[in-house]
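Geometric and topological summary
The primary structure of each chain is shown beneath.
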Amino acid sequence: DPTFASAHAAMARNLSYIADVGKSPAEIARGYAAAVAAASRARELAPRLPSAYAALADARYGQLHLAQARAEVTRGLALAPNDLQLLQAAVIIFV
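Computed from a predicted model, the values in this text were never measured in an experiment. (Residues numbered from 1 in each chain as written. Predicted model: local features only at pLDDT ≥ 70, side-chain atom pairs only at ≥ 80, totals over all residues. Heavy atoms only, no water.)

**Some thoughts on the overall build of the protein chain**
Here is the rule we go by: By definition, any uninterrupted DSSP run of H or I lasting at least four residues is a helix, any uninterrupted run of E lasting at least two residues is a strand, and each is numbered from the N terminus. Throughout, radius of gyration means the C-alpha value; the globule benchmark is 2.2 Å times the number of residues raised to the power 0.38. Partly exposed residues are those whose accessible area sits between 20% and 50% of the maximum for their type, while under 20% is buried and over 50% is exposed, using a 1.4 Å probe and protein chains only. By definition, residues are in contact when any of their heavy atoms lie within 4.5 Å. Where accessible areas are quoted, they stem from the Shrake-Rupley method and a 1.4 Å probe; at the residue level, only the protein chains shown are allowed to cover. Lys and Arg are tallied as positive, Asp and Glu as negative. Neither His nor the chain termini are counted. Each charge is placed at NZ for Lys, CZ for Arg, CG for Asp and CD for Glu.
For the protein chain, the count of helices and strands is five helices and zero strands. N-terminal to C-terminal, the α/β element order of the protein chain is α-α-α-α-α. Here the C-alpha atoms of the protein chain give a radius of gyration of 12 Å, agreeing with the 12 Å that 2.2 N^0.38 yields for 95 residues. Looking at the protein chain residue by residue over its 95 residues, the buried ones come to 37%. Looking at the protein chain alone, contacts between residues at least 24 apart form 53% of all its contacts between residues at least 6 apart. In the structure as shown, the protein chain presents an accessible area of about 5300 Å², 63% of it carried by carbon and sulfur atoms. Across the protein chain, the 9 positively charged side chains and the 7 negatively charged ones have centroids separated by 4 Å.

Pasting the structure below:
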């Protein structure tokens, strides 16, 4: 379903995991770019969905865009301060 935001967020998280084990820099970059696209779509569809922010933070972190990753976690935690995925992303990004 192209309008199911949670599915886009989950796909983005999986794309980030796959990109983590890419075989070449180009493959890794493509994987994280696809993850950013899926997470961005999730956030467009459901601007209050915490997993969209966590997925986008993971993908941005993978791209080494640390300021953007931090911003996504901060935005997400403002919406859902006890969300497990966001808290996990915060530990990775801020520590």
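**Some details on the nonpolar core**
Put simply, the test is: Buried Ala, Val, Leu, Ile, Met, Phe, Trp, Tyr and Cys residues form a nonpolar core when they are joined through side-chain atoms within 4.5 Å.
By size, the foremost hydrophobic cluster in this structure holds eight residues: Ala-12, Ala-35, Val-36, Ala-38, Ala-39, Ala-55, Leu-56 and Ala-59. Counting only elements with at least two residues in this core, the list comes to helix H2 (25–45) and helix H3 (50–62). Ranked by residues supplied to this core, first place goes to H2 with four residues. Leaving out residues up to four positions away in the same chain, Ala-38 has contacts with His-8, Met-11, Ala-12 and Leu-15.

**With respect to unusual backbone geometry**
In this structure, Leu-64 takes a positive phi of about 65° despite not being glycine. Looking at where Leu-64 falls in the secondary structure, it is placed in the loop between H3 and helix H4 (66–79). According to the relative accessible area criterion, Leu-64 is exposed, its value standing at 68%.

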